[in-house]
Amino acid sequence: MNNTVGAPGVQGAAVPPARGPVPLSPEHQHAMRFYGPDIARDPVSLYEEMRRRFGPVAPILLDGDIPAWFVLGYRELHHVTGRPEWFARDCRRWNMWDHIDDDWPLMPYVMWTPSVMFAEGAEHQRRAGAIGDALDATDRADLRVLCQQVADGLIDQFAGDGEADLVSQYAHHIPAGVIARLYGLPAQEVPDMVRDILISLDVTADAGAAHQRVQDRMRRIVGERRAHPRDDVPSRLLLHPAGLTDDEVVIDLLVIMSAAQAPTGNWIGNTLRLMLMDDDFSLTLQGGRSSSGEALNEVLWKNTPTQNFIGRWAVQACELGGRHIKRGDLLVLGLAAANCDPRLNTGDLGIYGTNRAQMSFGHGEHGCPFPAPETAEVIARTAVETLLDRLPDVRMAVPSDRLRWRPSVWMRGLYELPARFSPIVGQGRGTGQGRRLG
């Protein structure tokens, strides 16, 4: 799960006040504005136009006409993410801080926090290694059972209705529900925790208060596990040889949660859309002649949840894709654009179902660390397969061209995915199989 933001609401380094107009290099005089209501309407066409006009590295202007570089070539993106000594994660290197206000819309993406997100070198290895070990200690079979329990519980809530929004009632609730249980949250607290996580990651007036409640729960859990360890992720982080402090564990638990929620929820939703929209694909999946794994992989290539990611900062002046990058310049990683780089086109359409070389989880030191991609896939695959198993005749309730994508260049996900199916009486496999009506 490639994370898209740091822990929302956590205070980081002080940001200086804005000071005058933003200076633009000659290459940015004709840059494309990477914001506005229409920019995310047709991302494939957008990336094609940028590639045609600028090549594999494009000058762009972020909100407020802040200059940055958009890396949309697969080879160039692989180079940037694989060379931390040239393109680093610590945002305090940015040469534009003097022109950024406290309320800049993209501040959550660039605000420094003392988390694994912005750590580098040995410090990053210490923090990321502890997170990887804590997640890896979860038995895969147990994880699948847990995911199925969460999915079943959600399906039980709407199975008798004959209709549901598979985004708001299903896909977006599963990652937070699973992670909350991996954190050892008491069952009665999970619904409130999931609700606060969803609110905290949305752009509403309630987001700040919701995030504060999530943060308070994390601090309470860490305090309890420090005194009485259990077999869960927070306890493993606290007991890890890396010697993480309580504050480090709290903020990294928040990062894991936010990094898992939106990308994995949208991955599930986008995959269900693909299956319900494409009758042939849906039939092969339900008939056992293909696999949900192939559908999930195709979505990562064609409709990856994390479209673009801020980012990397140039450690020193260099050249990339024919562009002159200055020290401290911001590079935006075009993950979706790199996945559709025409230089990757081999003419084999099967690549999307089986080839896992897409850049959706990033790459290199700051790519999504093992076993997080595997954990995300277990969650997403179990969610898809459980829904098909429980509601085998599920179908889209509206034409596919009426589905609305959220207007973001950063994440790719639907507002809703209305579906219909034959209603089922009973509470499902949790207390015995439900009985189909009619």
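Sequence order as written defines the numbering, with residues in each chain counted from 1. Given that this is a predicted model, residues contribute local features only at a pLDDT of at least 70 and side-chain atom pairs are listed and counted only at 80 or more, while totals for whole chains, interfaces and linings are drawn from all residues. Note that the side-chain values use all heavy atoms of the structure and ignore hydrogens as well as water.

1. Here's the deal with the sheet that holds strand β4 (residues 87-88)
Each pair of strands is called paired provided DSSP finds at least two bridges between the two strands. Per the convention used, a helix needs a DSSP run of H or I reaching at least four residues, while a strand needs a run of E reaching at least two, with both numbered from the N terminus. Here six strands make up an open sheet; going across it, the order is β1-β2-β3-β9-β6-β4 and the pairing mixed. Only two strands of the sheet have a single partner each, and these edge strands are β1 (32-33) and β4. By definition in these notes, contact holds between two residues if any of their heavy atoms fall within 4.5 Å. In this analysis, axes come from line fits to C-alpha atoms, helices being fitted only over the stretch in contact, and the angle between any two N-to-C directions falls in the range 0 to 180 degrees. The strands touched by helix α2 (residues 74-82) within the sheet are β2 (57-62), β3 (66-71), β4, β6 (308-314) and β9 (330-334), with β9 carrying the most contacts at an inclination of about 125°.

2. Here we look at the sheet that holds strand β11 (residues 418-420)
What links the strands of a sheet is backbone hydrogen bonding, and the strands pair in either a parallel or an antiparallel sense. Strand order in the open sheet formed by three strands is β5-β11-β10, with antiparallel pairing between adjacent strands. Of all strands in the sheet, those bounded by a partner on one side alone are β5 (163-165) and β10 (395-396).

3. What to know about the packing of aromatic side chains
Each aromatic pair joins two rings of Phe, Tyr and Trp (for Trp, the six-membered one) with centres within 6.5 Å, and gets the label stacked for planes under 30 degrees apart, edge-to-face for over 60, and tilted for any other angle. One pass over the full model with this rule turns up nine aromatic pairs. When the centroid spacing of 5.3 Å and the interplanar angle of 75° are considered together, the rings of W94 and W97 count as edge-to-face. Relative accessibility thresholds used throughout: buried, under 20% of the residue-type maximum; exposed, over 50%; partly exposed, between the two (1.4 Å probe, protein chains only). Accessibility expressed as a relative area gives 4% for W94, which makes it buried. Using a relative accessible area of 12% as the deciding quantity, one classes W97 as buried. Taking the centre distance of 5.7 Å and the plane angle of 45° together, the rings of W94 and W104 count as tilted. Of this pair, W94 sits in the loop between β4 and α3 (107-110) while W104 sits in the loop between β4 and α3, placing them 10 residues apart in sequence. Under the relative-accessibility criterion, W104 is labelled buried at 9%. Every member of this aromatic cluster is reached through a ring pair, and the members are F34, Y47, F70, Y109 and W410. Criterion for a charge above a ring: Lys NZ or Arg CZ within 6 Å of the ring centre, and within 35 degrees of the ring normal. The cationic tip of R92 hangs over the ring face of W112; the distance from NZ or CZ to the ring centre is 3.9 Å.

4. Observations regarding helix α11 (residues 246-277)
Because an α-helix completes one turn every 3.6 residues, residues spaced three or four positions apart along the sequence face the same direction. Helices are assigned an expected span. That span is 1.5 Å times one less than the residue count. Taking 1.5 Å per residue as the helical rise, α11 with its 32 residues ought to reach 46 Å, and the 46 Å between its terminal C-alpha atoms agrees with that figure. Across the 32 residues of α11, 28 count as buried, placing the element largely inside the fold.

5. Some points on unusual backbone geometry
Residue G311 follows I310 across a cis peptide bond; omega there is -15°. One can find G311 in strand β6. Cis peptide bonds are those with omega within 30 degrees of zero, and the linkage from F370 to P371 qualifies with 0°. Note on placement: P371 falls in the loop between α15 (351-354) and α16 (372-390). Within the chain, D65 stands out as a residue other than glycine whose phi angle is a positive 60°. On the secondary structure map, D65 appears in the loop between β2 and β3.

6. Considering the side chain of E76
On the secondary structure map, E76 appears in helix α2. Judged by relative accessible area, E76 falls into the buried class, the value being 10%. Looking at E76, its side chain comes within polar contact range of the side chain of R343, at 2.7 Å. The contacts of E76, once residues within four sequence positions are left out, are P56, V57, V71, L320, G321 and R343. In the analysis that follows, any N or O atom pair within 3.5 Å is treated as a polar contact, provided that within protein one partner can donate a hydrogen and the other can accept it, and provided that, for residues neighboring in sequence, both atoms belong to side chains.

7. Here's the deal with the packing of α11 against helix α13 (residues 292-302)
Direction vectors running N to C along α11 and α13 enclose 110°, while the axes themselves pass 9 Å from each other. Comparing their axes, α13 and α11 come out roughly perpendicular. Contacts between α11 and α13 pair W267, N270, T271, L274 and M275 from the former with A295, L296, E298, V299 and L300 from the latter. We call two directions roughly parallel when the angle between them is under 35 degrees, roughly antiparallel when it is over 145, roughly perpendicular when it lies between 65 and 115, and oblique otherwise.

8. As for the pattern of salt bridges
Salt-bridge detection follows one rule: a side-chain nitrogen of Lys or Arg within 4 Å of a carboxyl oxygen of Asp or Glu. Applying the stated criterion across every chain, the model contains 32 salt bridges. With a closest N to O distance of 2.5 Å, R93 and E120 form a salt bridge. Here E120 lies in the loop between α3 and α4 (121-136) and R93 lies in the loop between β4 and α3, a separation of 27 residues in the sequence. Note that E123 is salt-bridged to R127, the shortest N-O span being 3.3 Å. You can see E123 and its partner R127 sitting in helix α4, four residues apart, about one turn around the helix. When its relative accessible area of 31% is taken as the criterion, E123 is described as partly exposed.

9. Concerning the nonpolar core
Joining through side-chain atoms within 4.5 Å is the link that ties buried Ala, Val, Leu, Ile, Met, Phe, Trp, Tyr and Cys residues into a set, and such a set is a nonpolar core. If you look at the biggest cluster of nonpolar residues, it comprises 117 residues, and the most contacted ones within it are L62, F70, W94, L166, Y170, I174 and I310. Top contributing element to this core by residue count: α11, with 14 residues. Setting aside its immediate chain neighbours within four residues, L166 contacts F158, A171, L272, L276, L387, V394, L417 and A419. Counting residues in hydrophobic clusters, the runner-up holds 17 residues, among them V71, F87, L333 and M359.

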